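Structure assessment
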Amino acid sequence: MKTCLVVDDSSVIRKVGAGGFSKASISRSSRPRTDSKRLEQCRAALPDAVLLDWNMPVMDGYDFLKALRRLPGGDGPKVVFCTTENDVAHIARALSAGANEYIMKPFDKEIVEAKFQEVGLI
């Protein structure tokens, strides 16, 4: 079974995002409360996928993604950004930093499943 780390400071988004794995063979990794703990979790064991928020209190999603991609094997996890930032510059910046796909908030579990299918996880 594949694993996905949900990295979002909103408990509602974490719940909705995790609901997108119900039909897939993907389990949700635990969701540490701080950004640094999330990155430590990736250092210990890389997930197969990351559902990543852009705007977070300590480390934004862009910086998290850059740090993730620098880890040994960090190019492996499929990363799907989820954010309210909808301008082309934000999308291009996320994709150039190594994101595989992009979801606009609000979203539902069907959209999460579709995006993970697009990146080859389902």
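Scoring rules and cut-offs
Residues numbered from 1 in each chain as written. Predicted model: local features only at pLDDT ≥ 70, side-chain atom pairs only at ≥ 80, totals over all residues. Heavy atoms only, no water. Helix = DSSP H or I, 4+ residues; strand = E, 2+ residues; numbered from the N terminus. Buried < 20%, exposed > 50% of the residue type's maximum accessible area, 1.4 Å probe, protein only. Contact = heavy atoms within 4.5 Å. Areas by Shrake-Rupley, 256 points an atom, 1.4 Å probe, with all protein chains shown as cover. Phe/Tyr/Trp six-rings, centres within 6.5 Å; stacked < 30°, edge-to-face > 60°. Lys NZ or Arg CZ within 6 Å of the ring centre and 35° of its normal. Disulfide = S-S within 2.5 Å. pLDDT = per-residue confidence, 0-100. Polar contact = N/O pair within 3.5 Å; in protein donor to acceptor, adjacent residues only side chain to side chain.

Attention shifts here to the overall build of the chain. Of regular secondary structure, the chain possesses five helices and five strands. Residue burial in the chain is summarised as follows: out of 122 residues, 47% are buried. Restricting the contact set of the chain to residue pairs at least 6 apart, pairs at least 24 apart contribute 63%. Just so you have it, the chain exposes about 6,000 Å², and 51% of that area is on carbon and sulfur atoms.

We now examine the packing of aromatic side chains. If you walk through the whole model with that rule in mind, you get three aromatic pairs. Members of the aromatic cluster, connected to one another through ring pairs, are Trp-54, Tyr-62, Phe-81 and Tyr-102. A cation over a ring is seen here: Arg-93 above Tyr-62, with NZ or CZ 3.6 Å from the ring centre.

Another point: unusual backbone geometry. With omega at -5°, the peptide bond leading from Lys-105 into Pro-106 counts as cis. Tracing the backbone through its elements, the reader meets Pro-106 in the loop between strand 5 (101–104) and helix 5 (109–118).

Moving on to the state of the cysteines. For the structure shown, the criterion picks out zero disulfides. Looking at Cys-4, it has no disulfide partner, and the nearest cysteine sulfur is the one in Cys-82, 9.5 Å off.

Looking at the chain as a whole, its pLDDT mean stands at 80, while 78% of the residues score no less than 70. Within the chain, helix 3 (residues 61–70) carries the highest mean pLDDT (92), whereas strand 2 (residues 26–28) carries the lowest (55).

With that settled, consider helix 3. Among the ten residues in helix 3, seven count as buried, and that is most of the element. All of the buried residues along helix 3 are Gly-61, Tyr-62, Phe-64, Leu-65, Ala-67, Leu-68 and Arg-69. Its side-chain oxygen 3.2 Å from the backbone nitrogen of Tyr-62, Asp-60 forms the N-cap of helix 3.

Looking now at the environment of Leu-39. Among the structural elements, Leu-39 can be located in helix 2 (residues 35–44). Judged by relative accessible area, which is 5%, Leu-39 ranks as buried. Separated by 28 residues in the primary sequence, Leu-39 and Ala-67 place their C-alpha atoms 7.9 Å from one another. Ignoring anything within four residues of it in the chain, the contact list for Leu-39 reads Met-59, Phe-64, Ala-67, Leu-68 and Leu-71.

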